[in-house]
Amino acid sequence: MNFKKSQKLYNKGLVNLVGAVNSPVRAFASVGGNPLFIDKAKGSKIIDVDGNSYVDYVLSYGPMILGHRHKKVQKAVTKALKNGYSFGASTENEIKLAKIVCSAFPGMDKVRFVNSGTEAVLSGIRLARAYTGKDKIIKFSGCYHGHQDSLLVAAGSGLATLSLPGSKGVPEGAVKNTLIANYNDLESVKAHFEKHDDIAGVIIEPVGGNMGVVIPQNEFLKDLKELAHKNGAVLIADEVMTGFRSMFGGAQEVLGVEADITCLGKVIGGGFPVGAYGARNEIMENVAPLGGMYQAGTLSGNPIAMVGGIATLTTLKKQNPYKKFDAIGAEIEQSLLDSAKKYEVDVTVNRFGSMLNPFFTTKKVTNFEEAQTSDTKKFAAFFWEMIKNGIFLPPSQFEAWFLSSAINKKDMEKTKYAIYNAMKVVSKL
């Protein structure tokens, strides 16, 4: 494959963009080489500026669940553009999308639209504090909830040690109310509740997506909610990645638990910049203008994003592609395992709904520490061989792959062929 135009744009971008990118993972730092620059996309395919076509398993990190430029979404958005791009005022479609979202999540009576998953989580945490009158938040190592100061933290040694900033520019004071627990380890959560009586909430990705796909074991989420409520705290589900990916609604419902507050991301806008947080009435009535918790945004409920969301979710509900996702995911998982066995490569595959990924490790991966045992050099070799064979993956060992309903049989054959070729290359390292 030829990447000359991407290389040229990367060099040009270094002049006025930080690292030639606008989000760090796009820099390909963890896989080496220079980033690809994308020109366009349609259906299951994404095409770079050099004309190389790939089956897309990044899907803008999840929201393009119908594939790119689905005809119904495209038609709805094109029509809406003729009426204007942004009003800074209310529109009827905000009400329509709110009804669709609330009906998909049991226990969600009201929702507030924002502009990103980061903003949804930031607001959801503020709401938890407003509702409980407490300050501290428990998060889990390996779960990413956006780049807000209070959640950019890394765990110290021990279960109940103070959190340390995980980014320069984040003062220690900003993370003093954030406590770190270990995913799938209820005892690490109990230790915090035993030490602190001012914990407002526990925030978790129902299925981890930013340490690779990591699935809650046994009754972890149910026990977590029970423990939180026992101590006067709320459970916050960050479904920015998992929302609508395992069923028409949230992963929390599949896993048998109902969060008190749910945060959602770009899938509810069909890929346009949008997020949301929602809960039952007694919690949401704390939000202004009904209550004293202030949160606002000029672009919140943007008319184009609302139309994109209505078209996407309406089409998704009609398609009901979740059995197809399970079948495709199982087929890709088996290809990964079979090829790894054939070429004697150590691989563990985690899969949930339409999210999956391989870890290049011998360990079963149930938390961030186990995910970090993966051989990232092997993943980098695997990644580039997949690229050369026309498969577009997230450029990180620790990111989930996503499926779209646009994937067809030819895409699957191409994917399986690429996996076998990539494993063969990895086996030579």
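Residues numbered from 1 in each chain as written. Predicted model: local features only at pLDDT ≥ 70, side-chain atom pairs only at ≥ 80, totals over all residues. Heavy atoms only, no water.

Draft legend 1. A look at the layout of surface pockets. Space inside the second largest pocket adds up to approximately 380 Å³. Contributing to the lining of the second largest pocket are 21 residues, with S90, E94, R112, S300 and G301 lying nearest its centre. Breaking the lining of the second largest pocket down by element, the ones donating at least two residues are α3 (92–104) and β4 (110–114). Across the lining of the second largest pocket, the residue classes tally to nine nonpolar, ten polar and two charged. (1 Å grid on protein atoms, 1.4 Å probe; cavity = no way out; pocket = protein on both sides within 12 Å on 5 of 7 lines; lining within 4 Å. Points joined across faces, edges and corners; volume = space filled by probe spheres on them. Helix = DSSP H or I, 4+ residues; strand = E, 2+ residues; numbered from the N terminus. Nonpolar A, V, L, I, M, F, W, Y, C, P; charged D, E, K, R; others polar.)

Draft legend 2. Structural view of the confidence of the model for the chain. The predicted model of the chain averages 94 in pLDDT, with 97% of residues at 70 or higher. This model gives residues 155–163 a pLDDT under 50, and the stretch forms 17 contacts once residues within four places in sequence are excluded. (pLDDT = per-residue confidence, 0-100. Contact = heavy atoms within 4.5 Å.)

Draft legend 3. Examining the nonpolar core more closely. Core analysis: the largest hydrophobic core is formed by 70 residues, its most contacted members being Y57, V101, F113, F244, I268, I332 and F382. Not counting residues up to four positions away in its chain, the partners in contact with I332 are Y57, L356, W401, L403, M412, T415 and I419. (Core = buried A, V, L, I, M, F, W, Y, C linked by side-chain atoms within 4.5 Å. Buried < 20%, exposed > 50% of the residue type's maximum accessible area, 1.4 Å probe, protein only.)

Draft legend 4. Examining the sheet that holds strand β9 (residues 199–204) more closely. With respect to topology, seven strands assemble into an open sheet ordered β4-β12-β11-β10-β9-β5-β8, the strand pairing being mixed. Each having just a single partner strand, β4 and β8 (178–181) make up the two edges of the open sheet. When strand polarity is set aside, the average angle formed by the axes of neighbouring strands in this sheet is 20°. When strand β10 (residues 234–238) meets strand β11 (residues 261–264), the two strands line up parallel, connected through three bridges. Among the inter-strand pairings, I236 is bridged to a residue of β11, identified as I261. Of the strands in this sheet, β4 and β11 touch α3, which is tilted by about 120° from β4. Where helix α5 (residues 186–195) meets the sheet, it contacts β5 (136–140), β8 and β9, and its direction lies at approximately 150° from that of β8. (Pairing = 2+ DSSP bridges. Axes fitted to C-alpha atoms, helices over the stretch in contact; angles between N-to-C directions.)

Draft legend 5. Quick peek at the packing of aromatic side chains. Enumeration according to the criterion identifies 17 aromatic pairs in this entry. Look at Y57 and W401: their rings are 6.3 Å apart centre to centre, the planes differ by 40°, and that puts the pair in the tilted class. With Y57 in the loop between β3 (53–56) and α2 (71–81) and W401 in strand β16 (residues 401–402), this pair connects stretches of sequence that are 344 residues apart. In this structure W401 comes out as buried when scored by relative accessible area, which is 1%. Between the aromatic rings of Y183 and F220, the centroid separation amounts to 5.9 Å while the plane-to-plane angle is 50°, which identifies the pairing as tilted. Pair noted here: Y183 is in the loop between β8 and α5 and F220 is in helix α6 (residues 220–230), with a separation of 37 residues, a long-range link. (Phe/Tyr/Trp six-rings, centres within 6.5 Å; stacked < 30°, edge-to-face > 60°.)

Draft legend 6. Layout of the sheet that holds strand β13 (residues 348–352). Spatially, three strands are ordered β13-β14-β16 in an open sheet, and the strand pairing comes out antiparallel. Two strands lie at the open edges of the sheet, namely β13 and β16, each paired on one side alone. In this structure, strand β14 (residues 355–359) lies alongside β16, joined through two bridges in antiparallel fashion. Note that in β16 the partner of L356 across the bridge is W401. The sheet contacts of helix α10 (residues 322–342) involve β13, β14 and β16, and relative to β13 the element is tilted by about 175°.

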